[in-house]
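# Summary of structural features
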Amino acid sequence: MCLVYYLSASKLYLKMNKSVSGFSKLKKSEKIEWLLQHYLFNSKSAKKIITQYWNSNEKLQQLHDEFIENTITNYYLPLGIAPNFLINNKLYAIPMAIEESSVVAAASKAAKFWLERGGFKTEVISTTKIGQVHFMYHGDFKTLNTFFNTIKPKLISDAKPITKNMDKRGGGILNIELRNKTDSIDGYYQLHASFETLDAMGANFINSCLEQFAKTFKTEAEKQLDSTIEIVMSILSNYVPDCLVKAEVNCKIEDLADLNINAKEFAHKFIQAVNIAKVEPYRAVTHNKGIMNGIDAVVLATGNDFRAVEAGIHAYASKNGTYTSLTHAEIKNDRFKFWIEIPLALGTVGGLTKLHPLVNLSSELLGKPNSKELMQIVAVAGLAQNFAALRSLTTTGIQEGHMKMHLMNILNQFNASENEKKQIITHFKTNTVTHSAVVDKLEKLRN
Ligand code: MEV
């Protein structure tokens with residue numbers, strides 16, 4: 001009894017001691033001091049790690065500090081370049097921000113392979129985005145429907161101050177529908193709105209419109225309806241199945257031949273691999289993860305919201321009720337064709353696009369693409385990544401290339417000197433890389 005009391009009292013003490021209010025109001029240095037005291041045992045090395053990632057350019061550092069709340073330092077990711085991407089007959093060097101060692105190398109290899117076989121062909125299929133006002137209503141549906149149809153022009157006109165600039169550029173609200181969802185939840189309805197947001201990803205634009213729709217809808221309902229309307233929430237959807245892009249490669253089967261591959265055998269095995277990902281969710285998830293290696297890296301480098309892209313794409317991968325491959329492959333009339341079709345809501349204006357110097361640089365590198373062009377580049381990065389992964393998986397296996405790229409990480413983990421790195425890299429050009437083989441070799445060198 002006494003022990004239980006003691007334990008829970010000490011837990012409470014710990015909890016109190018480590019909680020804080022007003023943290024966001026502290027200066028950066030005070031936040032760090034607080035963390036050092038309460039979580040990092042006043043460690044000098046922790047303080048050094050935090051501060052050594054600060055940028056000496058104070059303005060640049062302040063810019064990064066102000067992207068989010070409670071910034072204490074910067075978190076670096078490498079920004080790599082995958083050159084030689086021929087997309088619709090135009091060459092691109094694609095910027096990729098990613099930590100996984102083999103991704104940029106794999107993208108570059110796939111780009112080179114298809115550069116010699118006509119490159120990638122892409123097409124934007126549609127660009128419509130969606131937002132919803134979710135609300136509850138327990139009156140008669142017919143009355144609600146009539147009310148909605150009367151009020152619809154006012155919903156749009158009350159949002160004019162928000163939409164006027166977008167309207168001028170040719171975008172804006174496309175439509176608003178009333179959707180009856182009472183089959184799923186008693187009294188649940190939606191205003192389901194569609195938008196064209198041009199070069200903006202559109203989250204702020206859509207959410208502002210939706211909140212205005214909700215305001216007008218509620219105010220008018222209070223005047224015109226007997227039953228009340230309860231607005232639950234107004235928010236865009238990151239599921240954008242009508243904001244679609246397609247990327248494709250194709251060539252004669254015999255042109256797939258390469259130093260190490262027999263063309264026919266390779267094409268056949270490749271298609272089997274895609275077909276397995278189509279029917280087997282355990283494989284489909286990994287297959288699509290490889291695609292996201294390429295997509296996320298470009299989305300991140302261009303300052304877009306990779307969480308939104310991830311959520312939307314995975315939802316699309318399960319649109320028919322089973323999680324399946326995002327890519328497709330076939331052989332028709334002796335031609336090999338491999339393609340991807342994915343939803344992508346991307347922006348080339350707004351958000352971080354003008355603020356983050358590296359995002360700006362990425363945009364320059366890509367020739368300042370508009371959002372439709374960026375959709376095509378990103379889809380290509382996903383397709384190329386999948387091609388590279390399936391090519392390795394169905395021929396040499398993934399570990400050979402992966403471990404070669406991972407070698408440097410292992411060497412750095414053991415603080416290898418430049419000379420040690422040089423000797424070990426030469427050794428593993430002709431030997432299989434495994435963690436233990438690298439450690440063995442390093443120990444032998446050091447002894
Ligand atoms: C690793 O990051 C990605 C792969 O697992 C993708 C795949 O299996 O297709 C290699």
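Structure report, in brief.

Conventions and cut-offs
Residues numbered from 1 in each chain as written. Predicted model: local features only at pLDDT ≥ 70, side-chain atom pairs only at ≥ 80, totals over all residues. Heavy atoms only, no water. Pairing = 2+ DSSP bridges. Helix = DSSP H or I, 4+ residues; strand = E, 2+ residues; numbered from the N terminus. Axes fitted to C-alpha atoms, helices over the stretch in contact; angles between N-to-C directions. Contact = heavy atoms within 4.5 Å.

## Some details on the sheet that holds strand β8 (residues 244-252)
- If you walk across this open sheet you meet the 4 strands as β3-β8-β10-β9, and the pairing is antiparallel. If you trace the sheet from one side to the other, it starts and ends with β3 (121-124) and β9 (327-332), each paired once. Mean inter-strand twist for the sheet, computed between neighbouring axes without regard to direction, equals 20 degrees.
- Sheet topology places β3 next to β8; 4 bridges connect them, and they run antiparallel. Each residue of the ladder has a partner; that of V124, found in β8, is V245.
- In this fold helix α9 (residues 263-279) packs onto β9 and β10 (335-343), with an angle of close to 140 degrees to the strand it touches most, β9.

## A short note on the sheet that holds strand β7 (residues 229-236)
- On the basis of which strands lie adjacent, the open sheet formed by 4 strands has the order β5-β6-β4-β7 and antiparallel pairing. The open sheet is flanked by β5 (172-180) and β7, the only strands paired with a single partner. For this sheet the average axis-to-axis angle between neighbouring strands, irrespective of direction, equals 20 degrees.
- One ladder, built from 9 bridges, connects strand β4 (residues 128-137) with strand β6 (residues 188-196); its direction is antiparallel. Directly across from F135, in β6, lies its bridge partner Y189.

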